[in-house]
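Spelled out from the first residue to the last, the chains are:
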Amino acid sequence: QVVLVESGGGLVYGGGSLRLSCAASGLTFNDYAMAWFRQTAGKEREFVAGIRWGGISRYYSDSVKGRFTISRDNAKNTVYLQMNSLKPEDTAVYYCALDRSESGSRTSIDYDFWGQGTQVFVSS
């Protein structure tokens, strides 16, 4: 089965940076899209950034445009999220997701596989 594992979360001050990674294993296919979502207690999971197989088509939520950058290394089955100029409102558990159909969706139900999440906390 497909397994996604996130890493790189932690504590950072406002204005700081963090780089998240998500490694996929058990894949028997290619041509899949990847995305990052985040969730805070009491709120629904929200889309952050997505990237299609070729790595050229990338898309972001308005709240992170210009601050976050998504990228991928298909040889390593890994997707990254570089987060700069972090704000306290970025505090959340960040989840990696895989979409086999590569629809470019911003909706969580359209994704087929999920990681366990990694915590990001931005202070002050």
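Position numbers for residues start from 1 in each chain and track the written sequence from start to end. This being a predicted model, a pLDDT of at least 70 is required before a residue's local features are given, and a value of 80 or more before pairs of side-chain atoms are given or counted; all residues contribute to the totals for chains, interfaces and linings. Hydrogens and waters are ignored; side-chain quantities use all the structure's heavy atoms.

## Details of the overall build of the chain
- Numbering of helices and strands runs from the N terminus, with a helix taken as a DSSP run of H or I at least four residues long and a strand as a DSSP run of E at least two residues long. If you tally the helices and strands in the chain, you get 0 helices and 11 strands.
- For the chain, the spread of C-alpha atoms along the three principal axes comes to 45 × 25 × 25 Å.
- Per-residue burial for the chain yields a buried fraction of 44% across its 124 residues.
- Charged side chains in the chain number 13 positive and 12 negative. The centres of these two groups are separated by 5 Å. Each residue is placed in one exposure class: buried if its accessible area under a 1.4 Å probe, protein chains only, is under 20% of its type's maximum, exposed if it is over 50%, and partly exposed if it falls in between. Counting rule for charge: Lys and Arg are taken as positive, Asp and Glu as negative, and neither His nor the chain ends is counted. We put the charge of a Lys on NZ, of an Arg on CZ, of an Asp on CG and of a Glu on CD.

## Describing the environment of Asn74
- As for its position among the elements, Asn74 is in the loop between strand 7 (68–73) and strand 8 (78–83).
- Given the relative accessible area of 24%, Asn74 is considered partly exposed.
- Spatially, the C-alpha atom of Asn74 lies 21 Å from that of Leu18, the residues being 56 residues apart in sequence.
- Of the polar contacts made by the side chain of Asn74, one reaches the side chain of Arg72; its length is 2.7 Å. The term polar contact refers here to a pair of N or O atoms within 3.5 Å; inside protein, the definition further demands a hydrogen-donor-capable atom paired with an acceptor-capable atom, and it admits residues adjacent in sequence only when both atoms are side-chain atoms.

## Some thoughts on the pairing of strand 9 (residues 92–99)
- Judged by how many residues are buried, strand 9 sits mostly within the fold: 7 of 8 residues are covered.
- Any two strands with at least two DSSP bridges between them are considered paired. Bridge count between strand 9 and strand 11 (residues 118–123): 3 bridges; the pairing is antiparallel. Note on strand 11: the bridge partner recorded for Tyr94 is Thr118.
- Sheet topology note: the strand 9/strand 10 (residues 113–114) ladder contains 2 bridges and is antiparallel. Each residue of the ladder has a partner; that of Ala97, found in strand 10, is Trp114.

## Focus: the packing of aromatic side chains
- In summary, the pairing rule links any two rings of Phe, Tyr or Trp, Trp by its six-membered ring, whose centres are within 6.5 Å, and it sorts them by plane angle into stacked for under 30 degrees, edge-to-face for over 60 and tilted for everything else. Evaluated as defined, the whole model comprises 7 aromatic pairs.
- Each ring, one from Phe47 and one from Tyr59, has its centre 5.7 Å from the other, and the planes form 10°; the classification is stacked. Of the two residues, Phe47 sits in strand 5 (residues 46–51) while Tyr59 sits in strand 6 (residues 58–60), which places them 12 residues apart along the sequence. Just as Phe47 is buried, Tyr59 falls in that class too.
- Each residue in the set Phe37, Phe47, Tyr59, Tyr111 and Trp114 is aromatic and connected to the rest through ring pairs, giving one cluster.
- The ring of Tyr80 has Arg19 sitting right over it, with the charged end atom 4.3 Å from the ring centre. Here, a charge over a ring is recorded when the distance from Lys NZ or Arg CZ to the ring centre is within 6 Å and its angle to the ring normal is within 35 degrees.

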